[in-house]
Amino acid sequence: MTDQPAPETRRLTWHGADPMPEPKPGLAGWLRIAARGVPLVLFVLSGIAVLLLLRAIEKPLFGLRRPASPRISQWVSRGALAIMGLRFRVEGTPMTAHGAVVANHSSWLDILALNAPAPVYFISKEEVASWPGIGWMARANGTIFIKRERREASAQVAQLRARLAAGDRIAVFPEGTSSDGLRVLPFKPTLFAAFLTPELADLEIQPVSLVYRAPEGANKRFYGWWGDMSFGPHMLRMLSAPRHGSVTVMYHIPVSVGAHPDRKALARQLETAVRRGLVEAGVIEADPA
């Protein structure tokens, strides 16, 4: 194989819908923010402390392999969703073998939703590593950071293959940006180039549909995070909401990498499976025949 992923040189952000309004929480809202936010911060920080301690023991013994610490990430994700009041349910069965999962991308909540049923490791742009708080948590959780520069492509492909060979399940958002949760944007084939090698011919990729249901009476885009929306106000809206809806994690049948002639065919099949899940859930309409 000669083609390598060509990381984007500019930030790709979807602006296809009007931004969600961010009303001021009010007294009741601020009380809910305190009631949820303080336990959430304490819970996440203690979980990360346990994870780092466990990883300090794992690393000299197992190297890249992480036999126990991923369960801490799963526990933290489930607990964070519960504290916020966002219910999650699972349809289908998560793959148990090493490989990758791909999903539609609606917001930062996707990280919790995908980690709650079965631990995964995410691929993220390098800038996230320097974000206050979030970057530190991402590094602790084993996130793979990607530089969007062509000269870094070979090293990044090698890093990805090493993690897959160590048995990690890698999570990818092939749309390249988040949206309002009511659509699936085209999957970018370049993200799949690293998987199409003889060494990974037996690898499987599992498509996953993330289906968000807004609280009763709220805008259908309630959980979406897109365009120029900031993390802080979005987080406050999640914490101040009087009630929450739900997120369903729909696991589809894994797809064999070796059965596809090129990255475009692989991306097309995975995108079709993810979109079909949102159609079946009634979130989007089926494409006309």
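Anything mentioned here points back to the structure above.
Residues numbered from 1 in each chain as written. Predicted model: local features only at pLDDT ≥ 70, side-chain atom pairs only at ≥ 80, totals over all residues. Heavy atoms only, no water.

Peer 1: So what's going on with the overall build of the chain? Residues and values would help.
Peer 2: Summing up its helical and strand segments, the chain has seven helices and eight strands in all. Taken against the 2.2 N^0.38 rule, which gives 19 Å for 289 residues, the C-alpha radius of gyration of the chain at 19 Å falls within 12% of a compact globule. Reported as C-alpha extents along the three principal axes, the dimensions of the chain are approximately 60 × 55 × 35 Å. By residue count, 52% of the 289 residues in the chain fall in the buried class. A fraction of 76% describes how many contacts in the chain between residues 6 or more apart in sequence connect residues 24 or more apart. Summed over all atoms, the accessible surface of the chain reaches about 14,100 Å², with 59% contributed by carbon and sulfur. Taken as two groups, the 34 positive and 24 negative side-chain charges of the chain have centres that lie 5 Å from each other. (Helix = DSSP H or I, 4+ residues; strand = E, 2+ residues; numbered from the N terminus. Rg over C-alpha atoms; globule rule 2.2 N^0.38 Å. Buried < 20%, exposed > 50% of the residue type's maximum accessible area, 1.4 Å probe, protein only. Contact = heavy atoms within 4.5 Å. Areas by Shrake-Rupley, 256 points an atom, 1.4 Å probe, with all protein chains shown as cover. Lys, Arg positive; Asp, Glu negative; His and termini not counted. Charge placed at Lys NZ, Arg CZ, Asp CG, Glu CD.)

Peer 1: Give a detailed account of the side chain of His260, specifying residues and quantitative values.
Peer 2: Within the secondary structure, His260 is located in the loop between strand 8 (255-256) and helix 7 (263-280). Engagement of the side chain of His260 in a polar contact is seen with the backbone oxygen of Ser256, the distance being 2.8 Å. Engagement of the side chain of His260 in a polar contact is seen with the side chain of Gln269, the distance being 2.4 Å. What His260 contacts, discounting residues up to four positions off in sequence, is Leu196, Val255, Ala265, Leu266 and Gln269. (Polar contact = N/O pair within 3.5 Å; in protein donor to acceptor, adjacent residues only side chain to side chain.)

Peer 1: Kindly report on the packing of helix 1 (residues 26-62) against helix 6 (residues 231-240), identifying the contributing residues and their values.
Peer 2: Across the interface, helix 1 lies against helix 6 with an axial gap of 8 Å and an inter-helix angle of 100°. Classified by the interaxial angle, the pair formed by helix 1 and helix 6 is roughly perpendicular. Note on element contacts: helix 6 touches helix 1 through Leu236, Met238, Leu239 and Ser240, opposite Gly29, Trp30, Arg32, Ile33, Arg36, Gly37 and Leu40. Of the residues assigned to the contact of helix 1 with helix 6, the class counts are six nonpolar, three polar and two charged. (Axes fitted to C-alpha atoms, helices over the stretch in contact; angles between N-to-C directions. Parallel < 35°, antiparallel > 145°, perpendicular 65-115°, else oblique. Nonpolar A, V, L, I, M, F, W, Y, C, P; charged D, E, K, R; others polar.)

Peer 1: So what's going on with the environment of Ala49? Residues and values would help.
Peer 2: Positionally, Ala49 belongs in helix 1. As a C-alpha pair, Ala49 and Ala140 span 91 residues in sequence and 9.1 Å in three-dimensional space.

Peer 1: Go over a nonpolar patch on the surface with me, naming the residues and quoting the values.
Peer 2: On the surface, Val41, Leu45, Leu52, Trp136 and Met137 cluster together into a nonpolar patch covering about 410 Å² of accessible area. Among the secondary structure elements, those contributing two or more residues to the nonpolar patch are helix 1 and helix 4 (134-140). The greatest single-element share of the nonpolar patch, amounting to three residues, is contributed by helix 1. Locating Leu45 in the fold gives a position in helix 1. With a relative accessible area of 40%, Leu45 lands in the partly exposed category. (Patch = residues over 30% accessible without salt bridge, like charges linked within 9 Å, V, L, I, M, F, W, Y side chains within 5 Å. Salt bridge = Lys/Arg side-chain N within 4 Å of Asp/Glu carboxyl O.)

Peer 1: Talk me through the pattern of salt bridges; I want residue IDs and the actual numbers.
Peer 2: Tallying each qualifying case throughout the model produces six salt bridges. For Arg163, the salt bridge goes to Asp168, with nearest N and O atoms at 2.5 Å. By relative accessible area, Arg163 is classed as buried at 6%. For Asp180, the salt bridge identified is with Arg221, shortest N-O distance 2.6 Å. Residue Asp180 is found in the loop between strand 5 (169-172) and strand 6 (204-213), and its partner Arg221 is found in the loop between strand 6 and helix 6; the two are separated by 41 residues along the sequence. Accessibility expressed as a relative area gives 27% for Arg221, which makes it partly exposed.

Peer 1: Any details on the side chain of Asp180? Residues and values, ideally.
Peer 2: Judged by relative accessible area, Asp180 falls into the buried class, the value being 2%. A polar contact of 2.9 Å, which involves the side chain of Asp180, links it to the side chain of Arg183. Asp180 has contacts with Trp14, Ala17, Arg221, Gly224 and Trp226, leaving out every residue within four places of it along the chain.

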